[in-house]
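So you can see what is in the structure, the chains are spelled out below.
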Amino acid sequence: MQKKIIALAVAGLVSGVAFAQSNVVIYGVADMGYVYADDYAGTSAAAKDTKAIHKMYSGGQSGSRLGFKGTEDLGNGLAANFRLESGLNMDNGGAAQNGSTFSRWATVGLSGKNWGEVQFGRRDTLSDEILGGLDTNGRVTVAQVSPVMKDVARWDNMATYISPVMNGLVVKAAVSTNVSDGQATAPVGANYSSEVTAAPVTAGSNDLSKTNVRGYALSARYDNGPLKLGAQYDYYDPQGVDGSNYDSANQWTVAGRYDFGVVQLAAQYGEINYGKNTSGRIGSGFNSGDLDKRTQWTAGVMVPVSARARVAVSYAYGEDQFLSSANRKDEDQSMWGISAFYDLSKRTNLYAAYGDISQDQDNKYLVGIDGQDKYQKAFQVGIRHLF
């Protein structure tokens, strides 16, 4: 109740309008810890000379954030909804996610009891919701296998439909007029947001320097007691402002998790089919025009040690296939991670984690532990508080 009163006061100061019939809540996460990372990837002299790092690190388990969300009852089962969520760096007090104000989530929309909900704006992708929601680790800490089990975290300019729950099944569909920054003439190569480095529009035959990239997505999730199943499909369609034609790309994943009580088991499998376009792809580092396809899978287990403690172990494997095997053989990476969580209360917990990546050091596309550049091994401890 106190949060709602404070939120209403803040909203009134900003807009000068009273929200007597609105329900506005302030929420957030404060997550801070310590990371030790070692074994920098690569065969260059600079890579070999890169030393291990020790640092304080924000958002080890959950990205630190400050959010506002609210609902207004419009009558006859109709409601207006909004959510604004800003990423924070607890180590220096700055903004996360490239410094944007509400970079984690910024949507407004309508919902109805019988037909579901529509949201408009920047939000998590449907693929990220499936992969994170059906992973025993939850894709958190340095133990998360996202460097190998790749996906795209967020899209801009989204229109998303969420169905009502139908006997445990929820279907979502989304379209984005431009998954990047909303400007049709903006570059979509190495300058693109680092959050979407896994997006599968890559080099090959056409110049992506002046495009926007339309995105289309569909997902389904089924929950029935201990059984949870999910699937997602993303389609990327580059649109050239100069009338050029561009090759499309897609990504799909199937996932499942089962809770036996004494242990949870989960597995995911998917493919990325890259678009063959020259001079850059969505994301940085994939500019050469030689990627064709990626297959990837992960499996994990989570064991509740006690009412307050749980341990999760995950493993992932990915393989990149190239357009020409004569120039480059297939490259693979694997990763395993272990994480432990201990609840001090319903809103505060401690965590510790370790992640380890294995890959040939002469691979063209090297990966690193999440949030730790190209370091291939990392240990982490931290504390998370929800409010």
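Up top you'll find the structure we're talking about.
Scope of this entry: the structure provided in the associated data block. Model, not experiment: these values are computed from the prediction.

## Considering the overall build of the protein chain
Item 1. On a plain count of helices and strands, the protein chain comes out with 3 helices and 19 strands.
Item 2. When burial is assessed residue by residue, the protein chain has 46% of its 387 residues classed as buried.
Item 3. A fraction of 63% describes how many contacts in the protein chain between residues 6 or more apart in sequence connect residues 24 or more apart.

## Considerations on the nonpolar core
Item 1. Judged by nonpolar contacts, the single largest core of 20 residues is most densely connected at Met335 and Ile369.
Item 2. Contributions of two or more residues to this core are made by strand S1 (22-40), helix H3 (126-133), strand S18 (348-359) and strand S19 (375-386).

## Comments concerning the environment of Ala316
Item 1. You can see Ala316 is positioned in strand S16 (residues 309-322).
Item 2. Judged by relative accessible area, Ala316 falls into the buried class, the value being 0%.
Item 3. Expressed as a C-alpha distance, the spacing of Ala316 and Pro147, which sit 169 residues apart in the sequence, is 9.1 Å.
Item 4. Ignoring any residue separated from it by four or fewer positions in sequence, one finds Ala316 in contact with Val145, Val148, Trp297, Thr298, Gln333, Ser334 and Met335.

## Describing a nonpolar patch on the surface
Item 1. On the surface, Val254, Tyr269, Trp297, Val313, Tyr315, Trp336 and Ile338 cluster together to form a nonpolar patch covering roughly 580 Å² of accessible area.
Item 2. When contributions to the nonpolar patch are tallied by element, the ones reaching two or more residues are S16 and strand S17 (331-343).
Item 3. Residue placement: Trp297 occurs in strand S15 (residues 291-304).

## Regarding the pattern of salt bridges
Item 1. Counted by the stated rule, this structure contains 15 salt bridges.
Item 2. Linked through salt bridges whose partners overlap, the residues forming this network are Arg65, Arg83, Glu85 and Arg104.

## Some thoughts on the side chain of Gln296
Item 1. With respect to the element layout, Gln296 can be found in strand S15.
Item 2. Only 2.9 Å separates the side chain of Gln296 from the backbone oxygen of Lys150, close enough to count as a polar contact.
Item 3. Residues within four places of Gln296 in sequence aside, it is in contact with Val148, Met149, Lys150, Gln251, Gln268, Tyr269, Gly270, Ile272, Tyr317 and Gly318.

## Some details on the packing of aromatic side chains
Item 1. A full pass over the atoms with the stated rule returns 9 aromatic pairs.
Item 2. On the numbers, 5.8 Å between centres and 55 degrees between planes, the contact of Trp252 with Tyr269 is tilted. Of the two residues, Trp252 is situated in strand S12 (residues 249-259) and Tyr269 in strand S13 (residues 264-273); the sequence distance between them amounts to 17 residues.
Item 3. Summarising the aromatic geometry, the rings of Tyr258 and Phe260 are spaced 4.6 Å apart at their centres and angled 55 degrees between planes, so their arrangement reads as tilted.
Item 4. Its relative accessible area of 33% is what places Tyr258 among the partly exposed residues.
Item 5. Through pairs of rings, three or more aromatic residues link up here, namely Trp297, Tyr315 and Tyr317.
Item 6. Over the face of the ring belonging to Tyr27 we find Lys69, whose NZ or CZ atom lies 5.0 Å from the ring centre.
Item 7. Directly above the ring of Trp105 sits Arg83, whose terminal nitrogen or CZ lies 3.8 Å from the centroid.

## A look at unusual backbone geometry
Item 1. Although it is not a glycine, Asp39 adopts a positive phi angle of roughly 65 degrees.
Item 2. Here Asp39 lies in strand S1.
Item 3. One non-glycine residue with positive phi stands out, namely Arg139, at about 55 degrees.
Item 4. In this fold, Arg139 is placed in the loop between H3 and strand S7 (154-162).

## Describing the environment of Val145
Item 1. In this structure, Val145 sits in the loop between H3 and S7.
Item 2. Separated by 155 residues in the primary sequence, Val145 and Gly300 place their C-alpha atoms 10.0 Å from one another.
Item 3. Contact partners of Val145, with chain neighbours within four places excluded, come to Asp135, Thr298, Ser314, Tyr315, Ala316 and Met335.

## Regarding the pairing of S16
Both faces of the sheet carry side chains from a regular strand, because those side chains alternate between them.
Item 1. Pairing analysis gives 13 bridges linking S15 to S16, with the strands arranged antiparallel. Residue pairing in the sheet places Arg294 in a bridge with Asp320 of S16.
Item 2. As consecutive antiparallel partners, S15 and S16 are separated by 4 residues.

So, how was this worked out
Residues numbered from 1 in each chain as written. Predicted model: local features only at pLDDT ≥ 70, side-chain atom pairs only at ≥ 80, totals over all residues. Heavy atoms only, no water. Helix = DSSP H or I, 4+ residues; strand = E, 2+ residues; numbered from the N terminus. Buried < 20%, exposed > 50% of the residue type's maximum accessible area, 1.4 Å probe, protein only. Contact = heavy atoms within 4.5 Å. Core = buried A, V, L, I, M, F, W, Y, C linked by side-chain atoms within 4.5 Å. Patch = residues over 30% accessible without salt bridge, like charges linked within 9 Å, V, L, I, M, F, W, Y side chains within 5 Å. Areas by Shrake-Rupley, 256 points an atom, 1.4 Å probe, with all protein chains shown as cover. Salt bridge = Lys/Arg side-chain N within 4 Å of Asp/Glu carboxyl O. Polar contact = N/O pair within 3.5 Å; in protein donor to acceptor, adjacent residues only side chain to side chain. Phe/Tyr/Trp six-rings, centres within 6.5 Å; stacked < 30°, edge-to-face > 60°. Lys NZ or Arg CZ within 6 Å of the ring centre and 35° of its normal. Pairing = 2+ DSSP bridges.

Keep in mind that these numbers describe shape and distance, not what the molecule does.
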